[in-house]
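The primary structure of each chain is shown beneath.
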Amino acid sequence: MTGAGRAVDEILRLREEKGLAIMAHNYQVPEVQDLADIVGDSLFLAMEGLRTGADTIVFCGVAFMAETVKVLNPEKTVVHPVPDSRCPMAGMVDTETLMALKGENPGAPVVTYVNTTAETKALSDICCTSANAVKIVRSLPDERIIFVPDQNLGSFVQRMVPEKEIVLYPGYCHVHMGISLEDVERLRREHPEAEVLVHPECTPDVVDASDHVYSTEGMIRHARDSDADEFIVLTEKELAYRLWKVTGKRAYAPDATCPNMKKITLEDVLSAVRGLEPTVEPDPELMVRARIPIQRMLDVGRGDEG
Ligand code: SF4
């Protein structure tokens, strides 16, 4: 048996013995996705955290996702194998700029993408995901809305909800921003039968060159239900693996890699299930404040517009 095979066996044995839940985001490397009990996008994983009977969750994704699971499940132990696996977009929000935007737009609610830290969420009125951003913005009575931090997702929402004014925060995901129109044209040439699914964190020209706009879970649902057998997924490349695994259909992605998502290896997961550390321990008062906008989002319900 290979070293990787031994690590997987040991992880699965310890998971059983300790009654752990192992969760992995859609952008984790295939070998980590393969050993997880639950794989999905950040909202799905947060919701599964609420549903799982396990007292301890080993979370394989970037830090804000593990933190969100902890915020929603403060009584559970959340272990994040590599705390340095952080989303640069979440790190783009600084309190001063956000407070200045609030000051310039008095009364405008702050809609915050879940891809943010607990500090940012605590300053927000309601959260959203790429799957429900349009639904969340439509649910608000206000005409002007501050959207934090992804400017491409905010621009997409603005186009879908023209009756409101969306004030954008200048944040972006460098992975989706790096997907170009040339990538789309090349992939279409190489796979002329494939349907093109795009994540709304991509730039507007890439969104316009695609067939359908979806969150990563939305892409998988669409592929499952579609008559098409091939898909081009304009998002982080590992989604192609996940889509194939769930639907049995072929998917092609540009070479878009999130280096932070790739920091968690099998050895890191093994070390985390052995020692049940490092744990995620946000400030308790911050957790209470950050939970409010997440709970408001969950109360509005999950949609499929994104
Ligand atoms: S893919 Fe983009 S938004 Fe997702 S964790 Fe990586 S940098 Fe952040």
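Look up a bit, the structure's there.
Keep in mind that what you see is a predicted model, and the values were worked out from it rather than measured.

Q: How do you make sense of the sheet that holds strand β10 (residues 212-213) when you look at a structure like this?
A: By way of backbone hydrogen bonds, the strands of a sheet pair with one another, either parallel or antiparallel. With parallel pairing, the four strands of this open sheet are ordered in space as β10-β9-β11-β12. The sheet terminates laterally at β10 and β12 (250-252), the two strands that pair on one side only. Looking at chain direction, strand β9 (residues 195-198) and β10 are connected through two bridges and run parallel. Each residue of the ladder has a partner; that of L197, found in β10, is H212. Against the sheet, helix α10 (residues 181-190) engages β9, β11 (230-234) and β12, with an angle of about 170° to β11.

Q: Mind showing me how you'd approach empty space enclosed by the protein here?
A: To find leftover empty space, one rolls a probe the size of a water molecule over the atoms. Applying the stated criterion across every chain yields a total of one cavity of 30 Å³ or more. One number sums up the size of the largest cavity: a volume of about 300 Å³. Around the largest cavity, the lining is made up of 28 residues, and of these H25, Y27, M65, N115 and E201 lie nearest the centre. Mapped onto the lining of the largest cavity, the elements with two or more residues apiece are α3 (42-51), α4 (63-72) and α9 (174-177).

Q: Whenever I open this one, the state of the cysteines confuses me. Can you help?
A: Considering all chains together, one arrives at zero disulfides under this definition. C202 takes part in no disulfide bond, and the closest cysteine sulfur to it belongs to C173, at a distance of 8.2 Å.

Q: Sorry if this is basic, but what is going on with the nonpolar core here?
A: When a protein is soluble and globular, its nonpolar side chains tend to lie buried together. The biggest cluster of nonpolar side chains holds 65 residues, and the ones touching the most others in it are F59, V111, F147, V157, L234 and M297. Element by element, the count of residues in this core is highest for α4, at six residues. Beyond its immediate stretch of four places on either side in the chain, M297 contacts L43, V114, I126, C127, C128, T129, N132 and I136. Counting residues in each nonpolar core, the second largest holds 21 residues, with A7, L35, A36 and L266 among its members.

Q: Would you mind showing me how to read the environment of N132 here?
A: Counting through the fold element by element, N132 comes out in the loop between β6 (126-128) and α7 (133-139). In this structure, the C-alpha to C-alpha distance between N132 and V300, residues 168 residues apart in sequence, is 9.2 Å. A polar side-chain atom of N132 sits 2.7 Å from the main-chain amide nitrogen of T129.

Q: What is the right way to look at the packing of α3 against α4 in this model?
A: Between two packed helices, both the angle of their axes relative to each other and the distance between the axes serve to describe the pair. Orientation of α3 relative to α4, taken along the N-to-C sense of each, is 35°, at an axis distance of 9 Å. The chirality of how α3 crosses α4 is right-handed. Where α3 abuts α4, its residues S42, L45, A46 and L50 lie against M65, T68, V69 and L72.

Q: What's the story with the environment of A228 in this structure? I'm lost.
A: When you line up the elements, A228 lands in the loop between α12 (216-225) and β11. Residue A228 is classed as buried on the basis of its relative accessible area, which comes to 15%. Put simply, A228 and E195 are 33 residues apart on the chain and 6.9 Å apart in space, counted from C-alpha to C-alpha. Each residue touching A228, except ones within four places of it in the same chain, is listed here: E195 and K249.

Parameters and conventions
- Residues numbered from 1 in each chain as written.
- Predicted model: local features only at pLDDT ≥ 70, side-chain atom pairs only at ≥ 80, totals over all residues.
- Heavy atoms only, no water.
- Pairing = 2+ DSSP bridges.
- Helix = DSSP H or I, 4+ residues; strand = E, 2+ residues; numbered from the N terminus.
- Contact = heavy atoms within 4.5 Å.
- Axes fitted to C-alpha atoms, helices over the stretch in contact; angles between N-to-C directions.
- 1 Å grid on protein atoms, 1.4 Å probe; cavity = no way out; pocket = protein on both sides within 12 Å on 5 of 7 lines; lining within 4 Å.
- Points joined across faces, edges and corners; volume = space filled by probe spheres on them.
- Disulfide = S-S within 2.5 Å.
- Core = buried A, V, L, I, M, F, W, Y, C linked by side-chain atoms within 4.5 Å.
- Buried < 20%, exposed > 50% of the residue type's maximum accessible area, 1.4 Å probe, protein only.
- Polar contact = N/O pair within 3.5 Å; in protein donor to acceptor, adjacent residues only side chain to side chain.
- Left-handed = near helix turned anticlockwise from the far one by under 90°.

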